[in-house]
Amino acid sequence: MNILVVEDDPIMADALSITLSQTGYFSVLATSIEHALNEMQHNHIDGVLLDLNLPDGDGTRLAR
């Protein structure tokens, strides 16, 4: 299962990626809404962990 982690804090992103990996998931990291949209176009994504406070806007915009 591929999980898109949308998080601009590198420490939090690493912690989430490590935790997902240890539980058998593959994670793809994006640090902005634009980056996340690009990753979703180029990768099969099964789920998203989404930060709501991103450098290029409110994460709820991506959720919509």
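Shown above is the structure to which this text applies.
Okay, so let's go over this structure.

### Quick word on the overall build of the chain
Alright, step 1. A tally of regular secondary structure across the chain gives three helices and five strands.
Alright, step 2. Expected size for 64 residues packed as a compact globule is a radius of gyration near 11 Å; at 11 Å, the chain falls within 12% of this value.
Alright, step 3. For the C-alpha atoms alone, the extent of the chain along its principal axes is close to 30 × 25 × 15 Å.
Alright, step 4. Put simply, 60% of the contacts in the chain that link residues at least 6 apart link residues at least 24 apart.
Alright, step 5. Here the chain has roughly 4200 Å² of accessible surface; of this, 54% comes from carbon and sulfur atoms.

### Quick look at a nonpolar patch on the surface
Alright, step 1. Together, Leu-37, Met-40 and Val-48 line one region of the surface with nonpolar side chains, adding up to about 230 Å² of accessible area.
Alright, step 2. Take Val-48: it is sitting in strand 3 (residues 47-50).
Alright, step 3. Residue classification places Val-48 among the partly exposed positions, given a relative accessible area of 42%.

### Some words on the environment of Gly-24
Alright, step 1. The topology assignment puts Gly-24 in the loop between helix 1 (10-22) and strand 2 (26-30).
Alright, step 2. As for Gly-24 and Asn-2, which are separated by 22 residues in sequence, their C-alpha atoms are 9.8 Å apart.

### What about the sheet that holds strand 2?
Alright, step 1. With respect to topology, three strands assemble into an open sheet ordered 2-1-3, the strand pairing being parallel. Strands with a single pairing partner mark the edges of an open sheet, and in this sheet they are strand 2 and strand 3. In this sheet, neighbouring strand axes are inclined to one another by 25° on average, regardless of whether the strands run parallel or antiparallel.
Alright, step 2. With four bridges joining them, strand 1 (residues 2-6) and strand 3 adopt parallel strand pairing. Counterpart to Leu-4 in the pairing with strand 3 is Val-48.
Alright, step 3. Contacting strand 1 and strand 2, helix 2 (residues 33-42) runs over the sheet at an angle of about 140° to strand 2.

About the thresholds
- Residues numbered from 1 in each chain as written.
- Predicted model: local features only at pLDDT ≥ 70, side-chain atom pairs only at ≥ 80, totals over all residues.
- Heavy atoms only, no water.
- Helix = DSSP H or I, 4+ residues; strand = E, 2+ residues; numbered from the N terminus.
- Rg over C-alpha atoms; globule rule 2.2 N^0.38 Å.
- Contact = heavy atoms within 4.5 Å.
- Areas by Shrake-Rupley, 256 points an atom, 1.4 Å probe, with all protein chains shown as cover.
- Patch = residues over 30% accessible without salt bridge, like charges linked within 9 Å, V, L, I, M, F, W, Y side chains within 5 Å.
- Salt bridge = Lys/Arg side-chain N within 4 Å of Asp/Glu carboxyl O.
- Buried < 20%, exposed > 50% of the residue type's maximum accessible area, 1.4 Å probe, protein only.
- Pairing = 2+ DSSP bridges.
- Axes fitted to C-alpha atoms, helices over the stretch in contact; angles between N-to-C directions.

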